[in-house]
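The residues making up each chain are set out below.
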Amino acid sequence: MKYEYWLACIHGITAQKKMRLRECMKTAETIYYIEETQLRSIEFLNEREQNRLIQAKQQKDFEDEYKKMCEKEIRFIPYFSAEYPGKLKEIPDNPYAVYAKGSLPDPQRKKAAIIGARRCSPYGEKYAMDFAHALAGRGVEIISGMARGVDGMGHRGALLAGGRTFAVLGCGVDVCYPREHIGLYVDILEQGGGILSEYPPGTAPLPQNFPARNRIISGLSDAVLVMEAGRKSGSLITVDMALEQGRDVYALPGPVNSTLSAGCNHLIRQGAGVLLNPDDFLAEWNLGGNEASSGSKKEVKNEKMLETAEKLVYSCLGLYPKNVDQVVRETKLCIQEVLELLVSLELQGYIREISKNHYVVSRQ
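Scope of this entry: the structure provided in the associated data block. For every chain, the first residue of the written sequence is number 1, and numbering continues from 1 onward in sequence order. Totals for whole chains, interfaces and linings use every residue, but because this is a predicted model, local features are given only for residues with pLDDT of at least 70 and side-chain atom pairs only at 80 or more, for both listing and counting. Note that the side-chain values use all heavy atoms of the structure and ignore hydrogens as well as water.

## Let's talk about the packing of aromatic side chains
Any two of the Phe, Tyr and Trp rings considered here, Trp counted by its six-membered ring, make a pair once their centres fall within 6.5 Å; the pair's planes then place it as stacked at under 30 degrees, edge-to-face at over 60, or tilted in between. Overall, the coordinates contain 18 aromatic pairs when judged by the stated rule. Across the ring face of Trp-285, the terminal group of Lys-110 is positioned such that the distance to the ring centre comes to 4.7 Å. One residue, Lys-126, lies across the ring of Tyr-127, its end atom 4.9 Å from the ring centre. Sitting over a ring, as applied to charges here, requires NZ of Lys or CZ of Arg to be within 6 Å of the ring centre and within 35 degrees of the ring normal.

See below:
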């Protein structure tokens, strides 16, 4: 397998040409020991690509790199391996190999990509988490890119539901990017998910890597859910790739005056599926029932158990996030009292803080 790793790491030759070359030569070891005269006779490789192979044969450290990769428990999965994800074989520009820490997605389970803006609003954060939580709770595996914003909230929602989630990185799987998501990185692995990449271990998170990795996020998924995206969002690149791959695309509608929802609203106008609530989406996949009635009963019960001041604060919160200043204006209570009441309600499980000083009613 070390020679397969050597072939996978060669830059300047497309994955498709590597696959074709290997099919011709049967093994990467044969390619490694090929005579230059025979190599020059391979017509589908141009001179530059032939030179790349010759130069790569001069690199003797690949065996040590392969050994170190194995010691880090990083799995190397070339396209011809039985482990290689079947859904990736369906896409036209599938990677030559996948590197993985932890597990691979289960081919028997439904998979949904949850993507959106890095600098998302509390609205985007909330619904990324809510949809991921509901879907993962029904056995759907969540795919995303572990980026800041919507990606991270999607992973977190899946983990909170006890589900499995998979992060596709634009760097090596041994490089946590962004660094502040190291806790999330560890939690994904500990809960049975996986960290995946087409880039060899140690690869830095270069900007040009991320648009390419998006095709893997959509390729691994049955559907792509866009939670929040501007008109020029990078998430729309993933949508284009998903459509080319024949994947279903859904978008969360947002306020008409929100630039962060402009991309989602545009997708809906073009015919994307509309994400109104997780239950409706799960019903499309025959995976769940509607729990709205039980939720409303719980809210009535909650209100009866609250003190008057707590009820006042609770009643002005809903599913759309509000910040502390808004609550102060609506309740006409002093800010110190509002802060104390918010802490009390959160401790009792009636509300939750989804971002700094932004609160919503808890649906649990």
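Still more ground to cover, so stick around.
## What to know about the pairing of strand β5 (residues 165-168)
Neither face of β5 is open: one carries Thr-165 and Ala-167, the other Phe-166 and Val-168, and all of them are buried. Any two strands with at least two DSSP-identified bridges between them are counted as paired. Strands are runs of DSSP state E lasting at least 2 residues, helices are runs of H or I lasting at least 4, and numbering of each runs from the N terminus. In terms of strand pairing, strand β4 (residues 141-144) meets β5 through 3 bridges, oriented parallel. Bridge pairing in β5 links Ser-144 to Ala-167. Across 3 bridges, β5 lies against strand β6 (residues 194-197) in parallel orientation. Its bridge partner being in β6, Ala-167 is matched across the sheet by Ile-195. Each residue gets one of three labels from its accessible area relative to the maximum for its type: buried under 20%, exposed over 50%, partly exposed in between, using a 1.4 Å probe on protein chains only.

## Quick word on the layout of surface pockets
In this analysis, the protein atoms alone were mapped onto a 1 Å grid. Cavities are point sets where a 1.4 Å probe fits without being able to get out; pockets are open sets with protein on both sides within 12 Å along at least five of seven lines; lining residues have an atom within 4 Å of a point. Grid points are joined across faces, edges and corners, and a volume is the space filled by probe spheres set on the points. As a volume, the second largest pocket reaches approximately 430 Å³. Elements that contribute at least two residues to the lining of the second largest pocket include exactly α2 (15-25), β2 (97-102) and α11 (209-219). Ranked by residues supplied to the lining of the second largest pocket, first place goes to α11 with 3 residues.

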